[in-house]
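An overview of the molecular structure
If you want the building blocks of each chain, they are given just below.
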Amino acid sequence: MESLHRALLNSSWVSLTAVGVATLAVVMGLLSLFVASKNHFPVEGRTVLLTGASEGMGRSAAIQLAAKGANVIIVSRNVGRLEETLAEVRAAAKSPSTQRFHYISADVAEPDYAAAVIAEAIAWNGGAAPDIVWCVAGMSTPMLWAEDGSVAAARRNMDVNFFGAADMSAAILREWLAPENASKSPYAEPKHLIFTASVLALFAIVGYAPYTPSKWAIRGLADTLAMELNLYPNHPVRVHVVYPATIVSPGLARENQTKPDITVELEKDEPPETPETVARRAIAGLEKGQYFVAVSLLGKLMQAGIMGGSPRNNWIVDTVLGWFMPVVYFFVLKVMNGQVLGWARKHGHPSTYPKKG
Ligand SMILES: NC(=O)C1=CN([C@@H]2O[C@H](COP(=O)(O)OP(=O)(O)OC[C@H]3O[C@@H](n4cnc5c(N)ncnc54)[C@H](OP(=O)(O)O)[C@@H]3O)[C@@H](O)[C@H]2O)C=CC1
Ligand SMILES: CCCCCCCCCCCCCCCC(=O)[C@@H](N)CO
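What counts as what
Residues numbered from 1 in each chain as written. Chains lettered and ligands numbered in written order. Predicted model: local features only at pLDDT ≥ 70, side-chain atom pairs only at ≥ 80, totals over all residues. Heavy atoms only, no water. UniProt positions renumbered as here; feature names shortened; annotations may be inferred. Pairing = 2+ DSSP bridges. Helix = DSSP H or I, 4+ residues; strand = E, 2+ residues; numbered from the N terminus. Axes fitted to C-alpha atoms, helices over the stretch in contact; angles between N-to-C directions. Contact = heavy atoms within 4.5 Å. Patch = residues over 30% accessible without salt bridge, like charges linked within 9 Å, V, L, I, M, F, W, Y side chains within 5 Å. Areas by Shrake-Rupley, 256 points an atom, 1.4 Å probe, with all protein chains shown as cover. Salt bridge = Lys/Arg side-chain N within 4 Å of Asp/Glu carboxyl O. Buried < 20%, exposed > 50% of the residue type's maximum accessible area, 1.4 Å probe, protein only. Near = heavy atom within 4 Å. Polar contact = N/O pair within 3.5 Å; in protein donor to acceptor, adjacent residues only side chain to side chain. Nonpolar A, V, L, I, M, F, W, Y, C, P; charged D, E, K, R; others polar.

- As recorded by an unreviewed UniProt entry, the chain carries the name 3-dehydrosphinganine reductase and is attributed to Cercophora scortea.
- According to the UniProt record, the Sequence similarities (unreviewed entry) comment for the chain is "Belongs to the short-chain dehydrogenases/reductases (SDR) family."
- Word for word, the UniProt comment on the chain under Function (unreviewed entry) is "Catalyzes the reduction of 3'-oxosphinganine (3-ketodihydrosphingosine/KDS) to sphinganine (dihydrosphingosine/DHS), the second step of de novo sphingolipid biosynthesis."

The following block contains the structure:
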């Protein structure tokens, strides 16, 4: 007791503050488990447009949003798959007699594709723009950066993942932010613009160089918009970024055909999840009002490690977790770089690896 008292007296105010704030963060975290909070993402009776929603996480999100009462528009290229998925979305409707469903075929990699998609959505929706736009369409071609074709692959990933979302976000904001579309009440339900990145936008690993930058770019765009949209106080729009880890989807099967074995090895540390689970956790985060929506524990930690100048979901939790991440990364990078070096020693120069794809 005596020594504890002395230790407390002797410890600096810095460590005392750290312990105090950490305790507070834990208490607040526990409290938030019990306090029922407002749903910040009501979808019943509203119209949601999702790109990349014929397969994978986008398809699951469309089905779950229909089950919550939303009108849903799904966008992707393949019409056959759109028709099949739209039937599943329709079958999940909460109120089949009032909810409406539609698909639009478009290639998000085409420059300026989004204006026509939004125009068609508005025409179908009785003259009103969708209330929620979720950019999910994406692709990934993992390979080593020194391989032939890596930069061409990076351009393609950028066109689909970044420009596909960038063009859609600009097109819908032009509608939402038009002066004549100011909301009638300052307390009106906000519109939602949701981007889909990847945990690789929070922590990069070997083999994803053609892909990861396109997802980092999405983060940069979203942070910019989160500040810029304050210019339109009478047009409330909330921006969000979802950060999935591995999703067991048709896209994953495609990317695994070219994925380097060392990448497969390292990403084993983050267990794959079904599209249904990822979509459910993403929607739960949106309902909590999160700006950055991580859908796994590792994702949450990685998020706490990069916050920089990004808006926070919870300043206390994000700050306290953020203090620990440099220590965590000291070990994580040692271990992971060790694994990569060990791989190099065992398997030789990458030019000798068996050919893939
Ligand atoms: N799978 C994973 O491990 C991870 C995925 N992500 C990201 O999550 C999102 C969903 O991934 P996932 O569930 O795997 O999806 P899938 O790859 O399984 O499905 C992709 C969807 O996007 C559509 N799409 C692809 N390219 C285009 C295009 N050029 N124009 C229009 N639509 C397109 C596809 O339809 P169609 O081909 O008919 O156009 C399909 O509906 C993506 O943004 C992905 O980058 C993030 C982390 C991990
Ligand atoms: C707190 C720090 C912990 C560090 C542990 C690191 C574990 C690495 C996990 C990497 C997972 C990569 C998922 C890729 C998802 C993706 O976007 C692709 N499938 C593309 O579609």
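1. Some details on the sheet that holds strand S4 (residues 132–135)
- Pairing is parallel across the open sheet formed by seven strands, whose spatial order is S3-S2-S1-S4-S5-S6-S7. One side of each edge strand has no neighbouring strand; the edge strands of this open sheet are strand S3 (101–105) and strand S7 (292–294). With direction set aside, neighbouring strand axes in the sheet form an average angle of 15°.
- Pairing between strand S1 (residues 47–51) and strand S2 (residues 71–76): five bridges, direction parallel. Residue pairing across strands places Leu50 opposite Ile74, the latter belonging to S2.
- Relative to S1, helix H3 (residues 56–67) is tilted by about 170°, and along the sheet it contacts S1, S2, S3, S4 and strand S5 (191–196).
- Those strands touched by helix H7 (residues 212–228) are S5, strand S6 (237–243) and S7, and its axis lies near 160° from that of S5.

2. A closer look at a nonpolar patch on the surface
- A cluster of nonpolar side chains, contributed by Trp323, Phe324 and Val328, occupies part of the molecular surface with about 310 Å² of accessible area.
- On the secondary structure map, Val328 appears in helix H12 (residues 315–347).
- Taking the relative accessible area as the measure of exposure, Val328 reaches 35% and is therefore partly exposed.

3. Some details on the site of ligand 2
- In the region of ligand 2, 19 residues are neighbours, and Ser198, Tyr208, Tyr211, Glu255 and Met325 sit closest.
- Residue Tyr211 places a side-chain N or O atom 2.8 Å away from an oxygen atom belonging to ligand 2.
- Taking 600 Å² as the accessible area of ligand 2 by itself, protein coverage stands at 93%.
- Where the shell around ligand 2 is concerned, the elements lending two or more residues are helix H11 (297–304) and H12.
- Among the elements that take part in the shell around ligand 2, H12 stands out by supplying four residues, more than any other.
- For the shell around ligand 2, the residue count by class is twelve nonpolar, three polar and four charged.

4. So, the site of ligand 1
- Taken together, 30 residues are adjacent to ligand 1, and Ser54, Met57, Arg77, Val136 and Ser249 come closest.
- One nitrogen or oxygen atom from the main chain of Met57 is found 2.8 Å from an oxygen atom belonging to ligand 1.
- Within the side chain of Asp107, an N or O atom sits 2.8 Å from a nitrogen atom of ligand 1.
- Considering ligand 1 on its own, with 890 Å² of exposed area, one finds that the protein chains cover 95% of that surface.
- Contributing elements (two or more residues each) for the shell around ligand 1: H3 and helix H8 (250–256).
- For the shell around ligand 1, the element with the highest residue contribution is H8, accounting for four residues.

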